[in-house]
Amino acid sequence: MSDHYILSNAVLSDGVSFVLHDAAIEIKNGSILKIGKNADMQKTGIKSIDLGGRLVLPGLLNAHHHLYSALATGLAPAGPTDTFGRILENLWWRLDRSLDEESIYYSAVSGLMQCIRYGVTTVIDHHASMHSVKGSLDIIESAFRETGLKGLLCYEVSDREGEKALDAQIDENVNFWNKHREDPKIRGLFGLHANFTLSEKSMRRIAEVRPREMPVHIHCGESAGDLAFCRGQGYAGPVDRLHAFGLLSRSSLLAHCIHLSDRDYDILYELQPVVVSNPESNANNNAGMMDLTKIRRYVLGTDGMTGNMLGTFRSHFLLRNGDLQNPSGMLFAYPAEIMGSYFPGWGKLEAGAAADIAVTNYRPLTPLNMDNLFFHLIFGVQGKEMFMTIADGKILFSNNKLHSPDEEAMNAAIKETVMKLHERFKQ
Ligand SMILES: [Zn+2]
């Protein structure tokens, strides 16, 4: 594929400010060169791909993923999963203890390949592999490089494996963040598992060693137990505890935010950190739902459930009985604001921006404009696989085929890894 081509005959929207019918996009050297009407964009000598009137969006963001869980599909838990604690003990914590370097890599590749099929070009990952900590983020980074996606990576620090392990987990975060401070595609965050797996002593240690400008990414108020734990330590709730240790800023990522106190909501209102709602995971874990009357600025994640962001958006709509509030904000505007601080121009469909593009399989027959775009996404696109996914100008997926990486070869290696990983899980 040439690095200079035109996508023509599209219905184009950035999800924030415009819908352009009969549109075309010219892409060159990984960036958008020009956007305009088909009629004005005809050029001889440049390859043109006719999109047949399909709806085209910016590449999507998954703001909270666990790529390490990608190979767990169909894996039977080792015990009961009737409480949140038992779901962690008998499935996820047991799985992350079973991961080695090989399975970290292939889990990440597999998870990212699924993201590509659904038009996701940027993933914020939250990683754990308790018996393989050092260098684990480098391994995940290599999976991102292999697939061509952008990402923010972190390791989830917790007390689960004791004090010495805690320091190794902290080091993994800080070293990775330091190494990638100027990277155009991959950056680091300070990952924390959750308040209830971090003692006061551990929180003091984290507050002491965390570089001030390094944002945290944590599960916050996912369970009633997290709120109760924080209250037991003398705080009003999980957000209050993070704030007391100086860990919150507008760049912090707080996943879930379901079980919070009034004081927690006040702090969220004041500091406006990034809240990530994970509707399908919350339904699956019976975790409850975020209070949309108290939290306005939030984005969506899958929490390791899938790589399908428009499917997640559809679930959000259905689980909320149609209460959408600010769909443009959660899917496009806030992601562009958040990711734009790492990768300038992220999420923009304009000349000069990186060509990260999701071409849906949906060809609208009814009028489509900014007022009804989100209903077209829910009832038209329906969370199905894309027609084409492009990252930095490279066509990664089209016509139901993943071009990069070679999916067949990768799947053969993944299948071998799965057998070994599942065996270790059962032991
Ligand atoms: Zn999570």
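So, here is what we can say about the structure in this document. Each chain carries its own residue numbering, running from 1 in the direction its sequence is written. Whole-chain, interface and lining totals are the exception, using all residues; otherwise, since this is a predicted model, local features are given only for residues with pLDDT of at least 70 and side-chain atom pairs are given and counted only at 80 or more. Working from all heavy atoms in the structure, the side-chain values ignore hydrogens and water.

**Let's talk about the packing of aromatic side chains**
Basically, it comes down to this: Centre distance within 6.5 Å is the pairing criterion for rings of Phe, Tyr and Trp, where only the six-membered ring of Trp is used; planes under 30 degrees apart are then read as stacked, over 60 as edge-to-face, and the remainder as tilted. Put simply, DSSP H or I for four residues or longer makes a helix, DSSP E for two residues or longer makes a strand, and each gets a number counted from the N terminus. Any residue under 20% of the maximum accessible area for its type is buried, any over 50% is exposed, and the rest in between are partly exposed; the area is computed with a 1.4 Å probe on protein chains only. The criterion is that NZ of a Lys, or CZ of an Arg, lies within 6 Å of the ring centre and within 35 degrees of the ring normal, and then a charge sits over that ring.
Counted according to the given criterion, the structure contains eight aromatic pairs. Ring centres of phenylalanine 84 and phenylalanine 196 lie 6.5 Å apart, and the angle between their planes is 65°; on these two criteria the pair is classed as edge-to-face. Taken as a pair, phenylalanine 84 in helix α1 (residues 84–98) and phenylalanine 196 in the loop between β9 (190–194) and α5 (200–209) lie far apart in primary sequence, 112 residues in all. Classification of phenylalanine 84 by relative accessible area gives buried; the value is 16%. Ring pairs connect the aromatic residues Phe313, Phe332 and Phe374, which therefore count as one cluster. The lysine or arginine in question, arginine 54, covers the ring of phenylalanine 387, its NZ or CZ lying 3.7 Å from the ring centre.

**Here we look at the sheet that holds strand β7 (residues 150–153)**
Operational definition: For two strands to be treated as a pair, DSSP must find no fewer than two bridges joining them. To obtain an axis, a line is fitted to C-alpha atoms, over the contacting stretch when the element is a helix, and the angle between two such axes runs from 0 to 180 degrees between their N-to-C directions.
Taking strand neighbours across the sheet as the criterion, the four strands line up as β5-β6-β7-β8 in an open arrangement whose pairing is parallel. A strand with exactly one partner marks an edge of an open sheet, and here the two such strands are β5 (60–65) and β8 (186–188). Averaged over all adjacent pairs, the angle separating strand axes in this sheet is 15°, with direction ignored. Bridge count for strand β6 (residues 120–125) against β7 is three bridges, and the pairing is parallel. Counterpart to threonine 122 in the pairing with β7 is lysine 150.

**Quick notes on the packing of helix α4 (residues 163–179) against α5**
Selection rule: An angle counts as roughly parallel when it lies under 35 degrees, as roughly antiparallel when it exceeds 145, as roughly perpendicular when it falls between 65 and 115, and as oblique in every other case. Should the near helix be turned anticlockwise from the far one by less than a right angle, the crossing is termed left-handed; should it be turned clockwise, right-handed. Note on contacts: a residue pair qualifies if any of its non-hydrogen atoms lie within 4.5 Å across the two residues. Following the grouping adopted for this structure description, the nonpolar residues are Ala, Val, Leu, Ile, Met, Phe, Trp, Tyr, Cys and Pro, the charged ones are Asp, Glu, Lys and Arg, and the polar ones are all others, Gly among them.
Between α4 and α5, the least distance of the axes is 11 Å, while the angle of their chain directions is 25°. Here α5 runs roughly parallel to α4, going by the angle between their axes. Crossing of α4 over α5 shows right-handed handedness. Contacts between α4 and α5 pair Glu163, Leu166, Asp167 and Ile170 from the former with Lys201, Ser202, Arg205, Ile206 and Val209 from the latter. Class assignment for the residues of the contact of α4 with α5 results in four nonpolar, one polar and four charged.

**Here we look at the side chain of threonine 121**
For threonine 121, the location among the structural elements is in strand β6. Assessed through its relative accessible area of 1%, threonine 121 is described here as buried. Once residues within four sequence positions are removed from consideration, threonine 121 is found in contact with Gly59, Leu60, Leu149, Lys150, Asp356, Thr389, Ile390 and Ala391.

**Remarks on the sheet that holds strand β16 (residues 394–398)**
In space, the eight strands of this open sheet follow the order β3-β2-β1-β4-β14-β15-β16-β17, with mixed pairing throughout. The outermost strands of the open sheet, each flanked by one partner alone, are β3 (31–37) and β17 (401–402). Note: strand β14 (residues 357–359) against strand β15 (residues 388–391), three bridges, orientation antiparallel. Across the sheet, the residue bridging to valine 359 is methionine 388, located in β15.

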